[in-house]
Amino acid sequence: ESAQRKLDGEDGDECPIGMADIDSAIAGMFQPPKIRAVRNASHYEKVFLRAITAEFQRTGVEETTFGDVFSAFSLISGLHGVKCLSMSAAQSVCARLASCRLLLVDQNTHDLQQRICLNASQEDVTFALRDTDV
C-alpha cells in the first residue's frame, strides 16, 4: 500500500521507490492477519498471550482456564517489572483478545474456570511476540 501511494505521488515525496518500500510491501502481503493482530496488540494483551502460551507449554494441552492463565500472567508481569492488573482488568484483556478472534473463550462462564484456547497456532503467536520486550 505504501509503495502504491508512492507510485501515485500521494506522499508528497518526489523520491523514487526504494528497496525498503518494496520490502515493507512484501512483508505486509505475506504476513498473516493473526500475526499482525498480535504485533499490534497492547502491552498487556501481549503479556496475556505470552502467559497463555507459557501455560500451554507447561501443561502440554492447548486449552486452559482463566485462573491458570491469570497466575502465569501475574508471574510474567512481576518478572518484567510491570504492574499486574486486577483480575477484572485481566478479564477485560481476555475479552478484547476474544473480540478480535485471537482467543476462543467459553461464553457460559466468566470466572476462574472459564476455558481459553488460542485461535492461532502457538508458533504464530510466539513468532509474533519474538521481537517484543514481553
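Everything below is about the structure printed above this text.
Heads up: these notes are all about the structure in this document. (Residues numbered from 1 in each chain as written. Predicted model: local features only at pLDDT ≥ 70, side-chain atom pairs only at ≥ 80, totals over all residues. Heavy atoms only, no water.)

**Here we look at a nonpolar patch on the surface**
Here's step 1: Together, Met19, Ile22, Ile26, Met29 and Phe30 make up an exposed nonpolar region whose accessible area comes to about 560 Å².
Here's step 2: Tracing the backbone through its elements, the reader meets Met19 in helix 2 (residues 19-30). (Patch = residues over 30% accessible without salt bridge, like charges linked within 9 Å, V, L, I, M, F, W, Y side chains within 5 Å. Areas by Shrake-Rupley, 256 points an atom, 1.4 Å probe, with all protein chains shown as cover. Salt bridge = Lys/Arg side-chain N within 4 Å of Asp/Glu carboxyl O. Helix = DSSP H or I, 4+ residues; strand = E, 2+ residues; numbered from the N terminus.)

**Digging into the sheet that holds strand 1 (residues 64-65)**
Here's step 1: Taken in spatial order, the 3 strands line up as 1-3-2 in an open sheet, and their pairing is antiparallel. The open sheet has two edge strands, strand 1 and strand 2 (103-105), and neither has a second partner.
Here's step 2: Taken together, the 3 bridges between strand 2 and strand 3 (residues 115-118) define a ladder with antiparallel strand orientation. Each residue of the ladder has a partner; that of Leu103, found in strand 3, is Leu118. (Pairing = 2+ DSSP bridges.)

**Some points on the environment of Ser99**
Here's step 1: By secondary structure assignment, the location of Ser99 is in helix 6 (residues 87-99).
Here's step 2: You can call Ser99 exposed: its relative accessible area is 58%.
Here's step 3: A polar contact of 2.7 Å, which involves the side chain of Ser99, links it to the backbone oxygen of Arg96. (Buried < 20%, exposed > 50% of the residue type's maximum accessible area, 1.4 Å probe, protein only. Polar contact = N/O pair within 3.5 Å; in protein donor to acceptor, adjacent residues only side chain to side chain.)

**Overview of the packing of aromatic side chains**
Here's step 1: A full pass over the atoms with the stated rule returns 5 aromatic pairs.
Here's step 2: An aromatic cluster is present here, built from Tyr44, Phe48, Phe66, Phe70 and Phe73 joined pairwise through their rings. (Phe/Tyr/Trp six-rings, centres within 6.5 Å; stacked < 30°, edge-to-face > 60°.)

**Thoughts on helix 6**
Here's step 1: With 13 residues, helix 6 should reach 18 Å at 1.5 Å per residue; the first-to-last C-alpha distance of 18 Å fits that figure.
Here's step 2: Taken together, the buried positions of helix 6 are occupied by Ala90, Gln91, Val93, Cys94, Leu97 and Ala98. Angularly, the buried residues of helix 6 cover 155 degrees about the axis, an arc narrow enough to put them on a single face. Those residues of helix 6 that are exposed and aimed more than 90 degrees away from the buried face are Ser88 and Ser99.
Here's step 3: For helix 6, the elements touching its buried residues are helix 4 (43-59), helix 5 (66-79), strand 2 and strand 3.
Here's step 4: The positive-phi residue at the C-terminal boundary of helix 6 is Arg101, with phi of around 65 degrees. (Expected span 1.5 Å × (residues − 1). Arc of directions from axis to C-beta. Contact = heavy atoms within 4.5 Å.)

Just geometry here; none of it tells us what the structure is for.
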